[in-house]
Number of protein chains: 2
Amino acid sequence: MARIPFRQQVLQAREDAIISSVNRLLALKGFDSITVDEVAADVGIAKASLYKHFKSKEELAGAAMIRVLERALALIDTLKQDPKIPAIEQLRSVARWTMQVQLAGEMPSLPAQNSTLRSTLMNSAAYMDRLMAVSDKLGAWITEAQSAGQVDPALAPEVVLYTLFARACDPVLSLLKAGGQHSDEHIIDMLLSTCFNGLSGAPGEPRKGAR
Amino acid sequence: MARIPFRQQVLQAREDAIISSVNRLLALKGFDSITVDEVAADVGIAKASLYKHFKSKEELAGAAMIRVLERALALIDTLKQDPKIPAIEQLRSVARWTMQVQLAGEMPSLPAQNSTLRSTLMNSAAYMDRLMAVSDKLGAWITEAQSAGQVDPALAPEVVLYTLFARACDPVLSLLKAGGQHSDEHIIDMLLSTCFNGLSGAPGEPRKGAR
DNA sequence: GTCTATAGCCAGATAGAC
DNA sequence: GTCTATCTGGCTATAGAC
């Protein structure tokens with residue numbers, strides 16, 4: 001571990017820069033709309049050099065997804081350090097974080113239908129491992145919250161999990177952001193409310209504040 | 001109006017067939033993944049013939065969107081015939097319908113980010129008129145439901161409107177459908193519940209039945 | 001309006017020198 | 001590993017005969 005450091009570090013830094021560019025462009029334009037030339041130009045290297053690091057456009061997107069999943073895992077582990085917080089609040093914190101990432105233009109958005117991309121991701125152990133790690137950890141909170149009656153026990157757990165994932169790339173947020181009528185905080189408050197309390201709103205609950 | 005009928009009818013029927021194919025393929029694979037060749041093959045005509053009816057791939061997608069918006073308008077007008085039904089129930093009926101259309105594989109899904117498609121649609125009066133008609137009619141119900149306290153008055157009306165639109169193409173539904181664990185009716189019931197009552201569920205409300 | 005054939009373009013991926 | 005230059009395939013759109 002003591003040797004090989006410098007050149008490797010440079011490479012690692014370059015890969016980080018690549019992933020950052022891909023991540024941002026993916027959030028901005030989506031997988032189908034970006035081109036590899038564009039990514040290369042954004043990073044400031046030649047396209048052929050990109051292909052030395054990642055062997056396809058799909059792998060580039062996969063790397064961005066892996067990174068965001070790792071950020072999510074880091075957040076979850078941080079949240080777990082306070083075991084007194086009710087599961088529902090942990091889930092709400094995760095949802096709030098995904099919305100903040102979206103607003104920051106850092107949430108890569110992939111088309112659900114692109115089949116070559118899908119199969120690349122499903123065949124990537126690095127991706128699947130992290131996806132399952134996130135799912136398991138959220139799944140535990142979901143079960144706990146349902147037992148405590150904080151999340152509707154009539155909902156199948158997958159429904160809750162998929163809904164949380166889906167709200168992490170919900171087009172409603174970008175529409176509201178583009179509308180420019182509300183502050184970022186207000187947008188997040190309203191979307192968290194629709195997510196957890198529904199359009200009808202929860203009669204007994206305070207809607208404001210409660211960071 | 002009495003003349004010109006037959007040949008025109010044949011053309012109209014062909015255009016309907018084209019739109020049906022586009023609509024189905026759009027629901028199945030999404031705009032970016034389908035090719036005009038594929039549409040032509042599905043309809044059973046040559047690609048060049050398609051371009052006699054619609055002058056671009058974007059216009060094809062626009063025609064499909066116009067048709068689904070017209071179906072929505074027809075539904076809304078039908079629902080309006082019973083003025084005794086509370087606004088919230090009207091909105092729920094519309095949401096239920098969009099989910100049924102999704103499950104039937106008839107909800108075209110367009111990428112939110114494709115800019116050439118976006119500008120084609122925004123420049124199409126036929127599309128924009130219908131989109132605004134739907135928005136206005138739903139908007140009236142939303143305002144009414146908020147006044148009656150059936151929809152959370154703290155939510156900006158656009159949030160409610162956008163959320164309903166977004167639930168019409170929510171990936172959660174196709175994920176659950178692909179999972180194969182639940183009946184179509186059950187999926188719709190759960191998603192309507194998460195949409196209107198949130199993940200937490202509404203304490204006072206019955207969740208089952210109520211078609 | 002319908003077809004076959006093709007133009008024209010663009011983007012993903014690679015060759016080969018350094 | 002990085003670059004420039006190029007290949008290759010596929011896709012939108014059109015030409016031109018019927």
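Residues numbered from 1 in each chain as written. Chains lettered and ligands numbered in written order. Predicted model: local features only at pLDDT ≥ 70, side-chain atom pairs only at ≥ 80, totals over all residues. Heavy atoms only, no water.

**Quick word on the overall build of chain A**
What chain A contains, in helices and strands, is 10 helices and zero strands. Each helix (α) and strand (β) of chain A, taken in turn from the N terminus, gives the series α-α-α-α-α-α-α-α-α-α. Projected onto the principal axes, the alpha-carbon positions of chain A cover approximately 60 × 45 × 30 Å. Here chain A holds 211 residues, and the buried ones make up 44% of them. For chain A, the share of sequence-separated contacts (at least 6 apart) that also reach a separation of at least 24 residues comes to 69%. (Helix = DSSP H or I, 4+ residues; strand = E, 2+ residues; numbered from the N terminus. Buried < 20%, exposed > 50% of the residue type's maximum accessible area, 1.4 Å probe, protein only. Contact = heavy atoms within 4.5 Å.)

**Concerning the nonpolar core**
One finds L91, L164 and F196 of chain A together with L91, L164 and F196 of chain B to be the most contacted residues of the largest nonpolar core, which totals 128 residues. Each residue touching L164 of chain B, except ones within four places of it in the same chain, is listed here: L199 of chain A together with L91, A95, I142, C195 and F196 of chain B. (Core = buried A, V, L, I, M, F, W, Y, C linked by side-chain atoms within 4.5 Å.)

**Here's the deal with the protein's contact with DNA strand C**
Residues in contact with DNA strand C amount to 16 residues; listed here are only the nearest, V36, K47 and Y51 of chain A together with A46 and S49 of chain B. Counting only the atoms of DNA strand C that lie within 4 Å of the protein, the sugar and phosphate share comes to 61%. K57 of chain A is positioned such that a nitrogen or oxygen atom in its side chain is 3.0 Å from a phosphate oxygen of DNA strand C. Within the contact set of DNA strand C, a phosphate oxygen lies 2.6 Å away from a side-chain nitrogen or oxygen of S49 of chain B. Looking at the surface near DNA strand C, the elements with two or more residues in it are α3 (47–53) of chain A together with α1 (5–29) and α3 (47–53) of chain B. If you tally residues by element for the surface near DNA strand C, the top one is α3 of chain B, at four residues. Class assignment for the residues of the surface near DNA strand C results in eight nonpolar, four polar and four charged. (Near = heavy atom within 4 Å. Polar contact = N/O pair within 3.5 Å; in protein donor to acceptor, adjacent residues only side chain to side chain. Nonpolar A, V, L, I, M, F, W, Y, C, P; charged D, E, K, R; others polar.)

**Things to note about the packing of aromatic side chains**
The description of an aromatic ring pair rests on the distance of the ring centres and on the angle between the ring planes. Residue and element names in this part refer to chain A. Per the counting criterion, the structure on display carries zero aromatic pairs over all chains. Across the ring face of F31, the terminal group of K57 is positioned such that the distance to the ring centre comes to 4.5 Å. The ring of F196 carries R92 above its face, with NZ or CZ at 4.8 Å from the centroid. (Phe/Tyr/Trp six-rings, centres within 6.5 Å; stacked < 30°, edge-to-face > 60°. Lys NZ or Arg CZ within 6 Å of the ring centre and 35° of its normal.)

**Points about the interface of chain A and chain B**
Across the contact, 45 residues belong to chain A and 45 residues belong to chain B. Interface area, chain A with chain B, both sides summed: about 3,400 Å², of which 60% is carbon and sulfur. By the criterion of area lost to chain B, the three top residues of chain A are Q113, L199 and S200 of chain A, representing 21% of everything that side buries. Our count for the contact surface shared by chain A and chain B stands at two salt bridges. (Buried area = accessible area lost by both parts, 1.4 Å probe. Salt bridge = Lys/Arg side-chain N within 4 Å of Asp/Glu carboxyl O.)

**So, the pattern of salt bridges**
Enumeration over the complete set of coordinates arrives at 26 salt bridges over all chains. Notably, a salt bridge pairs R92 of chain B with E89 of chain B, separated by 3.6 Å at the nearest N-O pair. Of this pair, R92 of chain B and E89 of chain B are both found in helix α5 (residues 87–103), three residues apart, which corresponds to roughly one turn of the helix. Where salt bridges share partners, they join R167 and D170 of chain A together with R167 and D170 of chain B into one cluster.

**Quick notes on helix α10 (residues 184–196) of chain A**
Residue and element names in this part refer to chain A. With 13 residues, α10 ought to run about 18 Å at 1.5 Å a step, and its terminal C-alpha atoms sit 18 Å apart, in line with that. Regarding α10, the residues found buried are I187, I188, M190, L191, L192, S193, T194, C195 and F196. At the C-terminal side of α10, G198 shows a positive phi close to 80 degrees. (Expected span 1.5 Å × (residues − 1).)

**Brief notes about a nonpolar patch on the surface**
A grouping of F6, V10 and L11 of chain A is seen on the molecular surface, where their side chains present a nonpolar patch of about 320 Å² in accessible area. With a relative accessible area of 48%, L11 of chain A lands in the partly exposed category. (Patch = residues over 30% accessible without salt bridge, like charges linked within 9 Å, V, L, I, M, F, W, Y side chains within 5 Å. Areas by Shrake-Rupley, 256 points an atom, 1.4 Å probe, with all protein chains shown as cover.)

**As for the protein's contact with DNA strand D**
The full set close to DNA strand D counts 17 residues, and A46, S49 and K52 of chain A together with K47 and Y51 of chain B are the nearest of them. For DNA strand D, the backbone portion of the atoms within 4 Å of the protein, that is sugar and phosphate, comes to 61%. Contact between DNA strand D and S49 of chain A: a phosphate oxygen at 2.6 Å from a side-chain N or O atom of the residue. Here a phosphate oxygen of DNA strand D sits 2.9 Å away from a polar atom, N or O, in the side chain of H53 of chain A. Mapped by element, the contributors of at least two residues to the surface near DNA strand D are α1 (5–29) and α3 of chain A together with α2 (36–43) and α3 of chain B.

**Quick notes on the packing of α1 of chain B against helix α4 (residues 57–80) of chain B**
All names here are of chain B. Contact pair α1 / α4: the axes reach a minimum separation of 9 Å and the direction vectors enclose 90 degrees. Taken together, the axes of α1 and α4 are roughly perpendicular relative to one another. For the pair formed by α1 and α4, the contact residues are D16, I18, I19, S20, V22, N23 and L26 on the first element and L60, A61, A63, A64 and R67 on the second. Residue classes in the contact of α1 with α4 are distributed as eight nonpolar, two polar and two charged. (Axes fitted to C-alpha atoms, helices over the stretch in contact; angles between N-to-C directions. Parallel < 35°, antiparallel > 145°, perpendicular 65-115°, else oblique.)

**Things to note about the side chain of T194 of chain A**
Assignment of secondary structure puts T194 of chain A in helix α10. Taking relative accessible area as the criterion, T194 of chain A reaches 10% and is therefore assigned buried. Non-local contacts of T194 of chain A, meaning those with residues more than four positions away in its chain, are made with L199 of chain A together with L155, V159, T194, C195 and G198 of chain B.

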